Structure formats: C-alpha cells, structure tokens
Amino acid sequence: MARVQRHHRFPKGKAALLLALLQAFCLTSAATPAQAAESSNLRQRPNVLLIVSDDAAFGDVPWGGGNAAMPNLQSLADEGVAFGNFHTSPVCSPTRASLLTGNDPIDVGLGAFDYSIYPPTKGKPGYEGYLTRNTATIAELLRDSGYRTVMAGKWHLGGPGHGGWGPWDWGFQHSYGILTGGANHWNQQVFLPSPKNPEHRALMAQRIVPTEPYFENGRPVERPLGIHSDDLFSGKLLADLEEGRSSGKPFFAYLALTSPHSPLQVAPPVIKKFVPYFYQHGYQGLKRLRYEAQKRSGLIAADAPFPDQSANWLLQRWDALSEAEKQSEARAMATYTAMLEQQDQTIGRVLSYLRETGQIDNTLIIYLSDNGPEGMDDEGPAANPALSRWVNENFSQNPADIGRGNTFLEMGANWANASNGVLQWWKWYLAEGGVRTPLVIRPPVGAALQSRGGIRQAYVNVKDVPLTILDYAGIRAPSGRYQDRAIVTPTGLSMRPFLEGRASSVRTEQQWVVSDIFGNSSIVAGRYKASRQSRAMFGDGQWRLFDIQADPGETTPLNASQPQRLRQLIDLYMSYAKAKGIVPVADNWSPWQGDLKTLPRPAETPLPMPASPASAAPASR
C-alpha cells in the first residue's frame, strides 16, 4: 500500500523562523509550571518492556547450555543480570496472575488452571480460573501514573467466553492477542478445542479445527494468515508504541509471546540445522551436556549433583528407540529449538526499534519464562487420549510438514526433562523443572547496579517482578484498596535493593512462598524447599525437604538430617492452606485424565527407609 504523503507549505526566510519561534512560545507558555514539572517527571521515568516466553526451559538460554543462538538475550544478560533461582507457578495462568499483580494465585482467582479444574473447587473463592476484581494490575497502576500501557500476545487471565475480563479492562490502553493458553502459530486455529463448547463439538465431529478468537482493544478481529505468532505479536506491539511515541509519556509494553509453546511450529528451513545434534546426543546426552554447561557458567554450583532418574519410569532410554523414532524425536526437539532462535530474533527486532528511536537507555527490560517446558505426550501414561486422537485425526503426520501450520507437534516428557539440565520434571509439576525458569533484568542505563553481567543465585518469585517494576517507576503498590474496590495487598517484594547492592537477598527465610495446584504442594523458605507430589501425578504423596541452592536437581532429601526444619515448613504450609481455603485434592485425581481407577506407581526416587516421623506426615489434607 502506498504511503500517504503529507505536504506542508511553509513561508520562506525570516517569516518561517518567526512562525517557528511563535509556535514554540505558544506551546511552552500554554503549560503551567506544575504541568511542565509533571511532563518532565514523566519523561524521566523509565519505560518498561516485559517479555514473557511461553514454556521455555531452565536450560534453553545460552548460560543454561541451550542450543539456539540467542545473542540478543545474551546481550541483555551482559548489560544487566541473569537469575539462577527464579521461580514461577508450574502452569501459565497462575504465573501470569502473580506477574501482573504481585499476589499469590489463590488470592486472585487462579488457584485453578482453566484447562484442568478439580471439580470440588468449582464455586470456591480463589478457584474461579480467571483474574478476580480483588486485585489491581501493574497496568492499571502505571496507566494511572501517566504511562502508556500496551500489550500483545497471550492474556490467559479471563475475558469473553472464559469468565472475568480481558486486558482492556485491566489497564491496557492498547491490546492485541488471544485470551486462551495458546493457538496455532501460523493461522487462526485453536490450540485445544473445548468439548464443553457446542460449536467446537460440532466442528470436531466433522474433523474441522475450530477458530481461535483474537481481540484488539476488546473487539473481535481476524488474524492475518501466514504470519508467525512472534512476528504478529511483536509487530502489533511496535505499531502501538510508535503510534504513541510523540506523546512523550513513558510506556509499559507487555510482549506475551506464545513461543515455544506447542504446537511446535516455525519456518522449516530453520529446523534442519539442529536435527543432527539432537539425533547424535539423544535425551540422556543432552541432559548431561546442559548440566555440565550450567556448572561452567555458574548457573548452578560446581558441585551440584546430577540426578539419578532411574526410578522415573516415564522416561525412555535413547538407545531403546528405533531409527525412525530417533529421527522423529530429533526433529521435534529441533523444531522447539528453532522456535527459541526465532524468538531471540523477535527480541532483537524490539530492541532495534528502541535503539533507533533513542528509547533503549531509559527502558527497564525484563525477560522470563512462565513455567518449565511442556512434557505432555501424545502417548503414554500422562497423555490425554481424547487429545491424542484429535491430533492424529486433524493434523498431518508427514515428517516433511513439520513446522508448518497443518501439524501439531509436542516436545514430550523426554526432551522436556533433558532440556532442563540439572533439574528434574517439567511443566505441571512443582519440582524444580516445572517452576525454575530463566529470568533476565536489564535496568535502565545509569540506574544503580551492583555489578553487570553474571548470574545471581538469590531466590526470586514471579510475584516479585511487578513490585520491582513499580519500584523503578516510582509507584507505591496499593494496600487494601484500589479506587472503588477492596483488594488483597500484594505480597511480592521489589528486587531493586538487591540489584543495587543494598540487600543481600530478595527474600529472607521468613518471607516464604507457598505453591499449591493439582494436589501438589510446596513451600520455599530461603534455600530450603519442602514439597510433595500427588500419587495421581506419579508421586508418593510424601513430603520431602531439599536444599535447592546446593541441590537444584532435588536428588537428596534432607528428611532424616533436618526433621525439625521439615516439620516447621509443613506446619507453615498447613496454616497457609487453612487461611487461604485451599481445597484438598483426592489422591486419584489426575489433571489430564480425571479420576483414576488405578493409581500409577510412583516415578519419584523412594525416600530412604525408615522414613523420619516428619517425612511421614499425612499426605492428604
């Protein structure tokens, strides 16, 4: 489309100079001293760019042993800091609730995950499955303080058809994207159909993939076809930023990418170069290589033990696969890695815009992943049979189509486990592999920073990110009330004192954090973590105590050596659960398959026998 040319007719010579001076005088004299001071203050406040990767693993980044070229993310880490002990929720929407509010998920409706809601929680406070009105988002607070607020990508916190409200009702002046947990990366097909939706059921019966609704500023829109989600979302974000740039106001830009979330899709030529590497090393080889890389980079301690996973019968040996299976699996991991490499190019595109418009120095830039890598498989004990059947019936199984929009590919449990390096388990689980993810913070140039580059090992929770953003923006988080509604006071903490060297940690041992979902529970206090994994999710329901700083792979339970500490953490958890109204989950309930007739055998390493009294605390609530 031809660009519209705007022609201006200016007087010549001195008349032009006189007119320019007159216009400048009128503009400046029209502002009162208070208005001028407010405008100056707004210009001095930093912009905020928050980038969220979807399901990226602890080991996917360059300092984690990742295989994708990610020079843009590396440059942000070099100019700022990377964290090696950052924790999220084990699934998307609870993390995003904490990320935008500073609250625990159970406090703001996200004690439940909309794709897998435990039936007895329906109607219970905290389990709504969408962001509830007893909180305030940082988008609202920043908007109220004069920021331009824009977002593009995945919302997954409610909206039309899902209960709750979309981003346009939560403080974002410009928004574009999807309300659900994912979508096809090349077209407007849904990620997962809803059997509860009559329209979806009818289409599925005809083997037609339903359409994913997209919204722009609250209005339904059609998504252009043939544009990858990374390009689509980043392009929309940059267009909105450019449209408001002349206002002189600082911005809060939230780029919630849907890569590398399944379905794994990216331009096929990018995939090919990675296939030989993953074919050569396989699952066990990749896990060991990333573990060694993590020790060299300082992401984990040099003496951190490598986990013995012989008890985890969900995992396969690479050498047990057929030649055809190895080729297929190598292509899947290559596709996932190619998505990460493209994601970094997307980050580079946004950084280039900020650099060329002179805004990058005064921008706080944060990158994180919302949870660990997706380990769901099309087959096996953790698979959803209905989903597997739907994938096989509606998508191409031709290897030549991998990466295209007519395929539905997942990395599966074996690669998810391998991609984490030292960590065990993956998305959906409260083990470190499901909740310990990359975090990079690059403060504005000129802001105090104890040291640039390197990796910090302080424990950080995702609910600390929004309080950090508000701190840099000079905004105090509300307590108890926001405008006309009562709210739960955020319990996140600002990382800024730690980043500037004014504090030795972000959280003290007394500022512990609880997570609870799907019948799995954990509490982290300082370097110690007590956790239990439900029997329906291949655990044994018993509490284990770990030192997650020295032993991030959770290889050696400390139940016998520190029973009192374990007992104290369990008691803290139980008090929290009672206060928050956490609903006990039946031993036989699986988030993928519902009520199980037979419990699977545990895939955890058994506790040493005899178990200490504390470790044998009741598993049911």
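Only a predicted model underlies this, so the values are computations on that prediction, with no experimental measurement involved.

**A few points about the overall build of the chain**
If you tally the helices and strands in the chain, you get 16 helices and 20 strands. In summary, the chain has a C-alpha radius of gyration of 25 Å against a globular reference of 25 Å for 621 residues, a match within 12%. Dimensions of the chain, computed from the C-alpha atoms along their principal axes, are close to 95 × 55 × 50 Å. Out of the 621 residues belonging to the chain, those deemed buried represent 57%. Long-range pairs, those at least 24 residues apart, make up 76% of the contacts in the chain between residues at least 6 apart in sequence.

**Here's the deal with the pairing of strand β18 (residues 544-547)**
Taking every second residue as pointing to the same face, both faces of β18 are buried, with R544 and F546 on one and L545 and D547 on the other. With 4 bridges joining them, strand β17 (residues 528-532) and β18 adopt antiparallel strand pairing. In the strand pairing of β18, S531 is matched with R544.

**Some points on the environment of S504**
Here S504 is to be found in the loop between α15 (496-499) and β15 (513-517). A residue is classified by how much of its surface remains accessible, and S504, at 73% relative accessible area, is exposed. Between the C-alpha atom of S504 and that of L607, which follows or precedes it by 103 residues, the distance is 34 Å.

**A closer look at the pattern of salt bridges**
Counting across every chain of the model gives 33 salt bridges. When salt bridges with common partners are traced through the structure, they connect D54, R96, K154 and D370 into a single cluster.

**A look at the environment of A97**
Note on placement: A97 falls in helix α4 (residues 92-101). We classify A97 as buried; its relative accessible area is 0%. Considering only alpha carbons, one finds A97 and G111, 14 residues apart in sequence, at a separation of 10.0 Å. Aside from chain neighbours lying at most four places away, what touches A97 is G102, V108, L110, L131 and L157.

**What to know about the nonpolar core**
Core analysis: the biggest nonpolar cluster contains 67 residues, and L49 and W415 have the highest contact counts within it. Examining the composition of this core, we find that 13 residues originate from one element, helix α10 (residues 323-356), more than from any other. Not counting residues within four places of it along the chain, the set of residues in contact with L49 comprises L237, A253, V350, L351, L354, T363, L364, I365 and I366. Counting 50 residues, the second largest nonpolar core, distinct from the first, contains L142, L157, L499 and V506.

**Examining the sheet that holds strand β4 (residues 148-154)**
Pairing in this open sheet of 10 strands is mixed, and the strands run β7-β6-β5-β4-β8-β1-β9-β10-β2-β11 from one edge to the other. The sheet is open, and its two edges are formed by β7 (219-221) and β11 (455-456), each paired on a single side. Bridge analysis of strand β2 (residues 81-83) against strand β10 (residues 439-442) gives 3 bridges, and the strand direction is antiparallel. Within β10, the residue paired with A82 across the bridge is V440. Against the sheet, helix α7 (residues 229-244) contacts β1 (47-53), β4, β5 (174-178), β6 (214-216) and β8 (251-256), and its axis sits at roughly 170° relative to β4. Together, β1, β8 and β9 (363-369) form the strand contacts of α10, whose direction differs from that of β1 by roughly 170°.

**A closer look at the packing of helix α9 (residues 275-297) against α10**
The relative placement of two packed helices is expressed as an angle between their axes plus a distance between the axes. Orientation of α9 relative to α10, taken along the N-to-C sense of each, is 75°, at an axis distance of 8 Å. One element, α9, and the other, α10, form an angle in the roughly perpendicular class. Residue-level contacts link V275, F278, Y279, Y283, L286 and R290 of α9 to E323, K326, Q327, E329, A330, R331, M333, A334 and T337 of α10. A class-by-class count of the residues in the contact of α9 with α10 yields 8 nonpolar, 2 polar and 5 charged.

**As for the confidence of the model for the chain**
On average, residues of the chain score 92 in pLDDT, and 91% of them reach the 70 mark or higher. Here residues 1-31 scores under 50 on pLDDT; set against residues more than four positions off or in separate chains, the count is 3 contacts. Below pLDDT 50 for its whole length, residues 611-621 participates in 30 contacts with residues either more than four positions away or in separate chains.

**Quick notes on the packing of aromatic side chains**
Describing an aromatic ring pair means giving the distance of the ring centres and the angle of the ring planes. Taken as a whole, this structure holds 34 aromatic pairs when the rule is applied. Residues Y176 and Y214 carry aromatic rings whose centres are separated by 6.1 Å and whose planes lie at 45° to one another, so their mutual orientation is tilted. Taken as a pair, Y176 in strand β5 and Y214 in strand β6 lie far apart in primary sequence, 38 residues in all. A cation over a ring is seen here: R133 above W165, with NZ or CZ 4.7 Å from the ring centre. Between the NZ or CZ atom of K236 and the centre of the ring of Y176, over which it lies, the distance is 4.8 Å.

**Considering the pairing of β17**
When you tally the buried positions in β17, you get 5 out of 5 residues, the bulk of the element. Side chains of β17 alternate between two faces, with Y528, A530 and R532 and K529 and S531 buried alike. Bridge count for strand β16 (residues 520-525) against β17 is 5 bridges, and the pairing is antiparallel. In the sheet register, S522 faces β17, and the bridge partner there is S531. If you look at the hairpin formed by β16 and β17, you'll find 2 residues sitting between the two strands, and G526 has a positive phi there, around 65°.

Definitions and cut-offs
- Residues numbered from 1 in each chain as written.
- Predicted model: local features only at pLDDT ≥ 70, side-chain atom pairs only at ≥ 80, totals over all residues.
- Heavy atoms only, no water.
- Helix = DSSP H or I, 4+ residues; strand = E, 2+ residues; numbered from the N terminus.
- Rg over C-alpha atoms; globule rule 2.2 N^0.38 Å.
- Buried < 20%, exposed > 50% of the residue type's maximum accessible area, 1.4 Å probe, protein only.
- Contact = heavy atoms within 4.5 Å.
- Pairing = 2+ DSSP bridges.
- Salt bridge = Lys/Arg side-chain N within 4 Å of Asp/Glu carboxyl O.
- Core = buried A, V, L, I, M, F, W, Y, C linked by side-chain atoms within 4.5 Å.
- Axes fitted to C-alpha atoms, helices over the stretch in contact; angles between N-to-C directions.
- Parallel < 35°, antiparallel > 145°, perpendicular 65-115°, else oblique.
- Nonpolar A, V, L, I, M, F, W, Y, C, P; charged D, E, K, R; others polar.
- pLDDT = per-residue confidence, 0-100.
- Phe/Tyr/Trp six-rings, centres within 6.5 Å; stacked < 30°, edge-to-face > 60°.
- Lys NZ or Arg CZ within 6 Å of the ring centre and 35° of its normal.

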